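The lines below spell out each chain.
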Amino acid sequence: MTTIREKYLEKIKEDFEVLSTIVLQQMELVITATHDNKDGELYTKIEHNEVIIDGLEVKIRDEVINSIVLYCPRASDCRKIMSYHDMTAYLERIGDLLLNIADFLREVELQGSLYASFHPTILLQLETVKKMTQNAIFAFTCEDENLAKEIIRTDDLVDNNHKEIIHGIPFHFVGKTIKNQDMLDALSLSGMSYNIERIGDNATNIAEAAIYLMEGKNAKHIHNN
């Protein structure tokens, strides 16, 4: 027979799965916005999802606290509960970063030469961090240690793409007259790339939390091994 404690832990798991699904949907919407930043309905969906993400983060946090206070879980359960708590926080941050990217996209001239030059790299970054986030969640739920370690190593690719954009933007304007929209595009692209890089960091944090759950040890420096 399923105990009340087990039902409570299952509820945390279910809410975490819903949160994960919404965050991944949000990534798809932001990727769509890189091709069309004038779709008002698309941005309404993005803003609505952000409200849901914030609400789920608060709900799961409260469930975690209540489960510890009311049921005094054993050590193994407590570690899993705290892993859900940490990963929920990371997913909520990813939601915030995706909203930032969407806001930057509103300001960009998609037909401009700067955006056209860096759009493939931005898209590659977004697709990479989306896969990292998907795999990090899978590594946790399926306790796949090798996949978690691969995610941590992939973060270097996102960092390198970010550096490519930041260093490449000034060279794009060499010998050209810079207009106000050019400056806005440059700042927006830099902001988008930075926020994508931070999503990669949070996906890495989720992978590290998964390794902690499985091994009970810190994985912060695993990418150096």
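The structure presented is a predicted model; accordingly, all values stated were derived computationally and were not measured.

### Some points on the environment of Thr-154
Part 1: Take Thr-154: it is sitting in helix H5 (residues 145-172).
Part 2: Considering only alpha carbons, one finds Thr-154 and Thr-128, 26 residues apart in sequence, at a separation of 8.3 Å.

### Details of the packing of helix H4 (residues 113-141) against H5
Part 1: As a packed pair, H4 and H5 sit with axes 10 Å apart at the nearest point and diverge in direction by 165°. By the angle between their axes, H4 is roughly antiparallel relative to H5. Seen along the crossing, H4 lies across H5 with a hand that is left-handed.
Part 2: Looking at the contact of H4 with H5 residue by residue, the class counts come to 16 nonpolar, 11 polar and 2 charged.

### Comments concerning H4
Part 1: Taking 1.5 Å of rise per residue, 29 residues should cover 42 Å, and H4 covers 43 Å from first to last C-alpha, within 8% of that figure.
Part 2: A positive backbone phi angle near 50° is found at Glu-143, which sits one or two residues after H4.

### A word on the side chain of Ser-188
Part 1: If you trace the backbone, Ser-188 turns up in helix H6 (residues 180-215).
Part 2: Under the relative-accessibility criterion, Ser-188 is labelled buried at 2%.
Part 3: Here Leu-184 takes part through its backbone oxygen, which lies 2.8 Å from a polar atom of the side chain of Ser-188.
Part 4: With sequence-adjacent residues up to four places away left out, Ser-188 is seen in contact with Phe-104, Glu-107 and Val-108.

### Considering the pattern of salt bridges
Part 1: As enumerated under the stated definition, the model contains 10 salt bridges in all.
Part 2: The salt bridge partner of Asp-15 is Lys-11, with a shortest N-O separation of 3.5 Å. Linking Asp-15 with Lys-11, this pair stays in helix H1 (residues 4-33), spanning 4 residues, or about one helical turn.
Part 3: One salt bridge connects Arg-153 with Glu-150, and the closest N-O pair in it is separated by 3.3 Å. Placement of both Arg-153 and Glu-150 in helix H5 is noted, with a separation of 3 residues, approximately one turn of the helix.
Part 4: Using a relative accessible area of 39% as the deciding quantity, one classes Arg-153 as partly exposed.
Part 5: Taken together, the shared-partner salt bridges connect Lys-11, Asp-15, Lys-59 and Glu-63 into one network.

### Topic: the UniProt feature "domain: PhoU" (unreviewed entry) in the protein
Part 1: As annotated in UniProt, the feature "domain: PhoU" (unreviewed entry) corresponds to residues 19-103 and 127-209 in the numbering used here.
Part 2: Here residues 127-209 is 88% helix and 0% strand, with 22 Å between the C-alpha atoms at its ends.

About the cut-offs
- Residues numbered from 1 in each chain as written.
- Predicted model: local features only at pLDDT ≥ 70, side-chain atom pairs only at ≥ 80, totals over all residues.
- Heavy atoms only, no water.
- Helix = DSSP H or I, 4+ residues; strand = E, 2+ residues; numbered from the N terminus.
- Axes fitted to C-alpha atoms, helices over the stretch in contact; angles between N-to-C directions.
- Parallel < 35°, antiparallel > 145°, perpendicular 65-115°, else oblique.
- Left-handed = near helix turned anticlockwise from the far one by under 90°.
- Nonpolar A, V, L, I, M, F, W, Y, C, P; charged D, E, K, R; others polar.
- Expected span 1.5 Å × (residues − 1).
- Buried < 20%, exposed > 50% of the residue type's maximum accessible area, 1.4 Å probe, protein only.
- Polar contact = N/O pair within 3.5 Å; in protein donor to acceptor, adjacent residues only side chain to side chain.
- Contact = heavy atoms within 4.5 Å.
- Salt bridge = Lys/Arg side-chain N within 4 Å of Asp/Glu carboxyl O.
- UniProt positions renumbered as here; feature names shortened; annotations may be inferred.

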